[in-house]
Amino acid sequence: MAAGVGRTALLVAAARAVETYRPDALSQDFFAEHFVRAAPVSADWPVRPDQVSEGSADPVWGRLGRYFGLRTRVLDDHLLRSARAGTRQVVLLGAGLDSRAFRLDWPPGCSVHEIDTGEVLAFKQAVLDRIGATPVADRRTLAADLHGDWADALLETGFDPAAPTAWLAEGLLLYFPAAAETRLIATVDRMSAVGSTLAYEIKEVSESAPVRTGPVYVAVRQRLGIDLPALFDSDPRPDSAGELSGRGWTVSVRSPYDFTALHGRGPRPQPNDALAVNRWVFAAAAE
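Residues numbered from 1 in each chain as written. Predicted model: local features only at pLDDT ≥ 70, side-chain atom pairs only at ≥ 80, totals over all residues. Heavy atoms only, no water.

**Student:** Can you walk me through the packing of helix H3 (residues 59–84) against helix H12 (residues 256–263) in this structure?
**Tutor:** Remark: H3 packs on H12, axes separated minimally by 10 Å, with the N-to-C direction vectors making an angle of 80°. In terms of their interaxial angle, H3 and H12 are classed as roughly perpendicular. Listed contacts from H12 to Arg63, Tyr67, Leu70, Arg73, Val74 and Asp77 of H3 are Pro256, Tyr257, Phe259, Thr260 and His263. Its residues assigned to classes, the contact of H3 with H12 comprises six nonpolar, two polar and three charged. (Axes fitted to C-alpha atoms, helices over the stretch in contact; angles between N-to-C directions. Helix = DSSP H or I, 4+ residues; strand = E, 2+ residues; numbered from the N terminus. Parallel < 35°, antiparallel > 145°, perpendicular 65-115°, else oblique. Contact = heavy atoms within 4.5 Å. Nonpolar A, V, L, I, M, F, W, Y, C, P; charged D, E, K, R; others polar.)

This is how it looks when you write it as structure tokens:
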């Protein structure tokens, strides 16, 4: 958890913790602060708004943190819409420190499959056990490398490819080489029954030098030791949304700022914007 993408999971958890206690919170995750405090590398990071001295002006916990709060809200809503429409099978691809199996109001009969590395899942489970957390849904975990072949292992956890699935790849494909993204999208398509949904996050293009040296990325690197631009894959991105459309999915590509407008709060555009090329993709498998 202390290195690379593992540390970014702690960053997101800390942002969710801070968001939870805002008076105008977009989302709430009361488990998040326990993950942050349990890892030595993040034990002194803020988990409450009053611990952020610059408030909303802080480039990490104000701007980037609010982005993660908005993203959490939008993707929570997306998954719950799928569940309330009858989908009872959820797969979190690169689940990280996601606590949706514990904190969302799932309808009866829902199963939530969490896929991530063994190290991340072990850390997560140790924290959850320590606080006595009980999942709301039928939670099933799978330690697997999502760059490779993981479909057969998912089937062994009880996943049913004949049933509609709500897939989520939150904060995952940003770090994937193009070929690995293409392979994952093809696997999801192959394992999805009619009525399945998929939501994922991408950066449409590589960011310019002024963006990579802007206040958000610089602050995250200097204060948290996370060089986000170095972790993002710089290869030309595949057109996964177009690929899904070609396979018969209905696809919508949205900007985070669409949801800032919808909810009346959240990050807004600014010069040399670290969020400008971020896109959230929502797809549904049609007949």
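**Student:** Would you take a moment to explain the sheet that holds strand S5 (residues 197–203) for this structure?
**Tutor:** Sheet strands pair by backbone hydrogen bonding; their relative direction is either parallel or antiparallel. Taken together, seven strands build an open sheet; the order of strands is S3-S2-S1-S4-S5-S7-S6 and the sheet is mixed. Strands at the two margins of the open sheet, each flanked by one partner only, are strand S3 (138–143) and strand S6 (249–254). Within the sheet, the average angular offset between the axes of one strand and its neighbour, ignoring direction, is 15°. Those strands touched by helix H5 (residues 118–131) are strand S2 (111–116) and S3, and its axis lies near 145° from that of S3. (Pairing = 2+ DSSP bridges.)

**Student:** Would you mind going over unusual backbone geometry with me for this structure?
**Tutor:** A negative phi angle is the norm for most residues apart from glycine, just as the trans form is the norm for most peptide bonds. We note that Asn272 has phi near 45°; this positive angle belongs to a residue other than glycine. Within the element layout of this structure, Asn272 appears in the loop between H12 and strand S7 (278–285).

**Student:** I would appreciate a short explanation of the nonpolar core in the present structure.
**Tutor:** Across soluble globular proteins, nonpolar side chains have a tendency to be buried as a group. Within the largest apolar cluster, 63 residues are counted, with the highest numbers of intra-cluster contacts made by Leu11, Trp45, Trp61, Leu64, Trp106 and Leu228. Among the elements that make up this core, the one with the highest residue count is H3 (11 residues). Discounting chain neighbours no more than four positions away, the residues touching Leu228 are Thr8, Leu11, Leu64, Tyr175, Tyr217 and Val220. (Core = buried A, V, L, I, M, F, W, Y, C linked by side-chain atoms within 4.5 Å. Buried < 20%, exposed > 50% of the residue type's maximum accessible area, 1.4 Å probe, protein only.)

**Student:** Honestly, the pairing of S7 in this entry has me stumped. Any pointers?
**Tutor:** Judged by how many residues are buried, S7 sits mostly within the fold: seven of eight residues are covered. Bridge analysis of S6 against S7 gives six bridges, and the strand direction is antiparallel. Residue pairing for S7: Trp249 is matched across the bridge by Ala285.

**Student:** Would you take a moment to explain the environment of Gly158 for this structure?
**Tutor:** Relative to the assigned elements, Gly158 resides in the loop between helix H6 (151–156) and strand S4 (166–169). A relative accessible area of 41% places Gly158 in the partly exposed class. For the pair formed by Gly158 and Asp76, sequence separation is 82 residues and the distance between their alpha carbons is 23 Å. Ignoring any residue separated from it by four or fewer positions in sequence, one finds Gly158 in contact with Gln89, His113 and Arg140.

**Student:** Could you clarify how one ought to interpret helix H7 (residues 178–190) in this entry?
**Tutor:** End to end, H7 covers 18 Å across 13 residues, agreeing with the expected 18 Å (1.5 Å per residue, within 8%). Among all positions of H7, only Ala178, Ala180, Glu181, Leu184, Ile185, Thr187, Val188 and Asp189 are buried. Looking at the buried side of H7, the elements it contacts are strand S1 (89–93), H6, S4, S5, helix H11 (240–246) and S6. (Expected span 1.5 Å × (residues − 1).)

Limitation: the analysis is restricted to geometry and does not speak to function.
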